[in-house]
Amino acid sequence: MTEFLLVVLLIAAVAVIAVLVLRSRRTRRPAPGRVDPLADQPDTWDPMKIGVADVITYAGIDHVVRGTITMTEGGVSWYEHLLDGSTGRRWLTVEDDEGDLELTLWQRVEGTDLVPGGDVVVNDVVHRQVERGQAAFRSEGTTGTPPTGTADYADYATRDKTGLLAFERWAPTQSWEVSTGRRVTPAELTVYHAQPGS
């Protein structure tokens, strides 16, 4: 009888140990790992939804969108975004020109006395006027412009359209701001929206 009790106790002990081992395996969870903060970001981005606080990578350098100006003329709107990165500030214009997306990066040219009118020569290259007008604008974030108003602009290009030149002034009493630009493709930019889904 003692042998029988020992066998029963041994079987019971083995069963208890097996149950405990199985329970510990079920409740053991892997330690939480690091989470990708951009996992919810889509692989593609909408240029028309770029806004303040977005991060735009161009040529391997991150730029924060400090401010956005929405320009409107004759029912057509386009956007100018002030980008701030380690190599300085530049502007990105986003425009849907009758179904064609145009992205242009601009760099301000300081210390010129240039004004629009006739052909304009910059760095021994002739630029001809392609468009001129006046647009209503509103700004958000940091732009260096009033919150709303009317701006004069004039766009110039070289004969082969690779060299771009822009004039803007935010009030009739101000001097013209001059910028040189180049077209970029969406593939040259990576955009991380500050608010997913925006």
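Residues numbered from 1 in each chain as written. Predicted model: local features only at pLDDT ≥ 70, side-chain atom pairs only at ≥ 80, totals over all residues. Heavy atoms only, no water.

Now for a negative patch on the surface. On the surface, Asp 96, Asp 97, Glu 98, Asp 100 and Glu 131 cluster together into a negatively charged patch. The residue Asp 100 is located in strand 5 (residues 100-109) in this model. (Patch = residues over 30% accessible without salt bridge, like charges linked within 9 Å, V, L, I, M, F, W, Y side chains within 5 Å. Areas by Shrake-Rupley, 256 points an atom, 1.4 Å probe, with all protein chains shown as cover. Salt bridge = Lys/Arg side-chain N within 4 Å of Asp/Glu carboxyl O. Lys, Arg positive; Asp, Glu negative; His and termini not counted. Charge placed at Lys NZ, Arg CZ, Asp CG, Glu CD. Helix = DSSP H or I, 4+ residues; strand = E, 2+ residues; numbered from the N terminus.)

Ranked by size, the top nonpolar core spans 14 residues in total, and within it Ile 69, Met 71, Phe 137 and Trp 170 carry the most contacts. The set of elements that each furnish at least two residues to this core consists of strand 2 (61-73), strand 3 (76-85), strand 7 (125-141), strand 8 (148-157) and strand 9 (164-169). Among the elements that take part in this core, strand 8 stands out by supplying three residues, more than any other. If we ignore the near neighbours within four places in the chain, the residues touching Phe 137 are Ile 69, Thr 70, Met 71, Thr 145, Pro 146, Pro 147, Thr 148, Gly 149, Thr 150, Ala 151 and Trp 170. Membership of the second largest hydrophobic core comes to 13 residues, among which are Trp 45, Leu 103, Val 184 and Leu 189. (Core = buried A, V, L, I, M, F, W, Y, C linked by side-chain atoms within 4.5 Å. Buried < 20%, exposed > 50% of the residue type's maximum accessible area, 1.4 Å probe, protein only. Contact = heavy atoms within 4.5 Å.)

Attention now goes to the packing of aromatic side chains. Scanning the entire structure with this criterion turns up four aromatic pairs. A ring pair is formed by Trp 78 and Tyr 153, whose centres lie 5.7 Å apart and whose planes are at 75 degrees; its orientation type is edge-to-face. Note that Trp 78 is positioned in strand 3 and Tyr 153 in strand 8, a separation of 75 residues in sequence. Tyr 153 carries the same exposure label as Trp 78, and that label is buried. Summarising the aromatic geometry, the rings of Phe 137 and Trp 170 are spaced 5.0 Å apart at their centres and angled 80 degrees between planes, so their arrangement reads as edge-to-face. Of this pair, Phe 137 sits in strand 7 while Trp 170 sits in the loop between strand 9 and strand 10 (177-184), placing them 33 residues apart in sequence. By the burial criterion, Phe 137 is buried, and Trp 170 matches it. One aromatic cluster in this structure is built from Tyr 156, Phe 167 and Trp 176. (Phe/Tyr/Trp six-rings, centres within 6.5 Å; stacked < 30°, edge-to-face > 60°.)

For the rest of this paragraph, the subject is the pairing of strand 5. Looking at chain direction, strand 4 (residues 88-97) and strand 5 are connected through seven bridges and run antiparallel. When the bridges of strand 5 are listed, Asp 96 appears paired with Leu 101. Between strand 4 and strand 5, which pair antiparallel one after the other, the connecting turn spans two residues, and Glu 98 there sits at a positive phi close to 50 degrees. Inspection of the sheet shows strand 5 paired to strand 10 by seven bridges, in the antiparallel sense. Counterpart to Val 109 in the pairing with strand 10 is Val 178. (Pairing = 2+ DSSP bridges.)

Note that strand 2 and strand 7 share six bridges and pair antiparallel. Each residue of the ladder has a partner; that of Thr 68, found in strand 7, is Glu 140. Looking at chain direction, strand 6 (residues 120-122) and strand 7 are connected through three bridges and run antiparallel. Among the inter-strand pairings, Val 121 is bridged to a residue of strand 7, identified as Val 126. What sits between the antiparallel neighbours strand 6 and strand 7 is a turn of two residues, in which Asn 123 has the positive phi angle 55 degrees. Judged from the ten bridges that link them, strand 7 and strand 8 form a sheet pairing that is antiparallel. Across the sheet, residue Ala 136 finds its bridge partner in strand 8, namely Thr 150. Once strand 7 ends, the chain turns through six residues before running back antiparallel as strand 8, passing Gly 144 with a positive phi of about 80 degrees.

This paragraph deals with the side chain of Ser 179. Along the polypeptide, Ser 179 turns up in strand 10. For Ser 179, a relative accessible area of 7% corresponds to the buried category. Side chain to side chain, Ser 179 and Arg 108 meet in a polar contact 3.4 Å long. Setting aside residues no more than four positions away along its own chain, Ser 179 makes contact with Trp 106, Gln 107, Arg 108, Val 109, Leu 164, Leu 165 and Ala 166. (Polar contact = N/O pair within 3.5 Å; in protein donor to acceptor, adjacent residues only side chain to side chain.)

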